[in-house]
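Results of the structural survey
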Amino acid sequence: MSGFDGKNFIGGEWRPAASGRRFDQRNPAFLHEVTGTFADSAAADVDAAITAAQAAFPAWRALAPPKRKAHLDKALREMAAQRDEIAAVITRENGKALREARGEVDSAIKEMDYQIAEGMRLCGQTVPVEVDGTLAYSTREPLGPVALVTPWNFPFNVPCRKATPALMGGNTVVLKPASLTPRAGLLFAELLAESGLPPGVVNCVTGAGGSVGAALVGDARIKAVSFTGSTPVGKSIQLAAARNLTPTQLELGGKNPAIVLPDADLELAVAEIVKGAFACSGQWCTSTSRVIVLEEIADELTERLVAAARGLAVRDGTAEDCGMGPVCGAKQKADVLGWIAKGRAEGAHLLTGGAALDGEDYDHGCFIAPTVFDRVTPAMAIAREEIFGPVLTILRAATIDEAVALINRLPFGNAAAIYTRSGGSARAFADRVNVGMVGINIGVPVPREPFSFGGWNQSRFGAGDITGDDGIRFWTKLRKVTARWPEDAGAGVPGWH
Ligand code: NAD
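Position numbers for residues start from 1 in each chain and track the written sequence from start to end. In keeping with the model being predicted, local features are shown solely for residues with a pLDDT of at least 70 and side-chain atom pairs are shown and tallied solely at 80 or more, while totals for entire chains, interfaces and linings include all residues. As a rule here, side-chain values come from all non-hydrogen atoms in the structure, and water together with hydrogens is ignored.

**Comments concerning the overall build of the chain**
Where we set the bar: The secondary structure listing takes helices from DSSP runs of H or I that are at least 4 residues long and strands from runs of E that are at least 2 residues long, numbered from the N terminus. What the globule rule says is 2.2 Å times the number of residues to the power 0.38, and the radius of gyration is computed from C-alpha atoms. Between buried and exposed lies partly exposed: a residue is buried under 20% and exposed over 50% of the maximum accessible area for its type, with that area taken using a 1.4 Å probe on protein chains only. All accessibility values rest on the Shrake-Rupley procedure with a 1.4 Å probe; residue burial counts only the protein chains present in the view.
Each helix and strand counted, the chain has 14 helices and 20 strands in total. Scaling as 2.2 N^0.38, a compact globule of 497 residues should have a C-alpha radius of gyration of about 23 Å, and the chain matches this with 25 Å. The buried share of the chain, taken over its 497 residues, is 54%. Summed over all atoms, the accessible surface of the chain reaches about 20300 Å², with 54% contributed by carbon and sulfur.

**Focus: the side chain of H71**
Note the cut-off: Polar contacts, as used here, are pairs of N or O atoms within 3.5 Å; protein pairs need one atom able to donate a hydrogen and one able to accept it. Residues neighboring in sequence count only if both atoms are side-chain atoms. It only takes one pair of heavy atoms within 4.5 Å for two residues to be counted as in contact.
Topologically, H71 is positioned in helix α2 (residues 65-81). Only 3.0 Å separates the side chain of H71 from the backbone oxygen of S195, close enough to count as a polar contact. H71 has contacts with W60, L63, S195, G196, L197 and P198, leaving out every residue within four places of it along the chain.

**Quick notes on the packing of helix α3 (residues 83-94) against helix α4 (residues 98-118)**
So the rule is basically this: Axis geometry follows a simple rule: fit a line to the C-alpha atoms, using only the stretch in contact for helices, then measure angles between N-to-C directions, giving values from 0 to 180 degrees. Oblique is the label for every angle not falling under 35 degrees (roughly parallel), over 145 degrees (roughly antiparallel), or within 65 to 115 degrees (roughly perpendicular). Crossing handedness is defined as follows: a turn of the near helix away from the far one that is anticlockwise and smaller than a right angle gives a left-handed crossing, while the clockwise case is right-handed. Each residue gets one of three labels, nonpolar for Ala, Val, Leu, Ile, Met, Phe, Trp, Tyr, Cys and Pro, charged for Asp, Glu, Lys and Arg, and polar for the others, Gly among them.
Where α3 meets α4, the axes come as close as 8 Å, and the angle between the chain directions of the two elements is 125°. By the angle between their axes, α3 is oblique relative to α4. The chirality of how α3 crosses α4 is right-handed. Mapping the contact onto sequence places R83, D84, I86, A87, A88, I90 and T91 in α3 and L98, A101, R102, E104, V105 and D106 in α4. Split by residue class, the contact of α3 with α4 holds 7 nonpolar, 1 polar and 5 charged.

**Topic: the packing of aromatic side chains**
Applicable threshold: Stacked, tilted and edge-to-face pairs are distinguished by plane angle, under 30 degrees for stacked and over 60 for edge-to-face with tilted covering the rest, among Phe, Tyr and Trp rings (Trp via its six-membered ring) whose centres lie within 6.5 Å. Whether a charge sits over a ring comes down to the Lys NZ or Arg CZ being within 6 Å of the ring centre and within 35 degrees of the ring normal.
With the rule as written, the count across this model stands at 7 aromatic pairs. Judged by centre distance (6.2 Å) and plane angle (25°), the ring pair of F154 and W284 falls under stacked. In this pair, F154 is assigned in the loop between β7 (145-149) and α5 (157-168) and W284 in the loop between α9 (266-278) and β13 (288-294), connecting sequence segments 130 residues apart. Residue classification places W284 among the buried residues on the basis of a relative accessible area of 15%. Relative to F188, the ring of F156 has its centre 5.7 Å away and its plane inclined at 90°; by these criteria the two rings are edge-to-face. Within this pair, whereas F156 is found in the loop between β7 and α5, its partner F188 is found in helix α6 (residues 182-194), the two being separated by 32 residues in sequence. The burial state of F156 is the same as that of F188; both residues are buried. The positively charged end of K96 is found above the aromatic ring belonging to F154, 4.1 Å away from the centroid. For the cation-ring pair, K342 lies above W339, with the distance from its terminal atom to the ring centre recorded as 5.0 Å.

**A word on the site of the ligand**
What counts, and what does not: Here a residue is considered near a molecule or strand provided that any single heavy atom belonging to it is located within 4 Å of it.
Not every one of the 26 residues close to the ligand is listed here, only the nearest: T150, K176, S230, L252 and E386. One of the backbone nitrogen or oxygen atoms of G209 is found 3.5 Å away from an oxygen atom of the ligand. The side chain of E386 places a nitrogen or oxygen atom 2.6 Å from an oxygen atom of the ligand. Starting from 850 Å² of accessible surface for the ligand in isolation, the protein chains cover 86%. Put simply, the parts of the chain that give the shell around the ligand at least two residues each are α7 (209-217), β10 (225-228) and α8 (231-242).

**Here we look at the environment of V34**
Relative to the elements of secondary structure, V34 occurs in strand β4 (residues 30-39). Look at V34 and you get partly exposed, because its relative accessible area is 35%.

No statement about biological role is implied by the geometric values presented.
What follows is the structure, given as structure tokens:
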């Protein structure tokens, strides 16, 4: 891992921002510790990166997929070799427990392997047609230079998840990583660069979303945008891309519920809900943030959830016994505390947590106690809005119908879980709940390949899925060819009569 401090990766070179401006990033567990200094880029740097990606496109698209694969395989091997070092970078920038950071790199490796293989199947079709001597066939073609705009909660996996199918599809890439976690994105770009990719095939520009991200997605030379982040920013990206009719793929926010029925295995339900609510300090788009429990078991479940939340060791992510790390940065901490204050003001019952942690281990970081609110009502903002922090809200329902209605009334549609021993209840839930990813006795139902990750409604928008066997399709377009050969075809060619 090398000296990219203060620089972007553009056209195969590490370059400072044209303005010379830089910004510092800090470890959320120890805010006095600067994790790196990064290029504070602007439109001129984005322009240079798109120009480089455009220049590199003709040669990269002409390279046969097996040759593209050779580069990506090399990067993948290096990623596996550097797994622990990459995980340490993620923990320093994002704060998540090292165990979770290693899991993130492992997922990136697994998904990259799958997507490289998918990229070897860039198949078109041939079809019979009614006219004699006529052949109709299609080929899959790349789009051109494309933009990837990524969040800080999976700062390594999301860039990898987007770049691999884009590159295997023959596109060139400009990546804009989140400003809170630029090193993880730059590291990914560096791994690709060191695999010998031609200059300009991968570019990475750091800086603020409102300047770098907006300039990137609004540029007419960009032929597709893949974004993962919040729903409001996703909407603004969709508007900007629409001006150039640029296709988008938007993976957005969520407010993920878990229903617990009276026949559930409560031990399993509590373990899964606590993991879903507090892993990565509740900063997954699939984090469980609402429990909807039927009245008859509400008190028992609530008691158990509170005990489990209190039992989590909140620590710096590198600590062996870290059960939950800090939230990702001072602004995130202030935002989450703001939501907690709002919950109290709305009249929800705070059962545990509800404050920043203080004391020697916590004073220099962004630590918030795992928080549980009970007696939350559907109208409260903490029941409706994505908090993106270690805050679990509990709502009570009289019937399963009421619980499902509570889920379906929100505009989000990422993930939902049910805890029950009844196959009939589980199937009815899966049929009726208006979300893209359903878990049955599983809190965070990330789909397994070949299924694709992705929610519905305001949690996801755009053509083409992001992972699984659909991942590659978004990054290519079909050319349809209808061919008729003259009757004297072959004439004049030795051996043909
Ligand atoms: P964010 O929307 O604030 O930022 C995401 C990225 O967009 C960052 O790189 C940011 O710099 C950039 N950006 C910000 N404003 C921009 C603009 N005007 N134009 C272009 N780019 C801009 O999100 P975040 O805080 O980094 O991440 C948290 C959010 O991401 C949560 O809402 C979470 O649910 C969501 N998320 C969704 C998924 C999913 O797959 N559905 C996965 C992870 C995170």
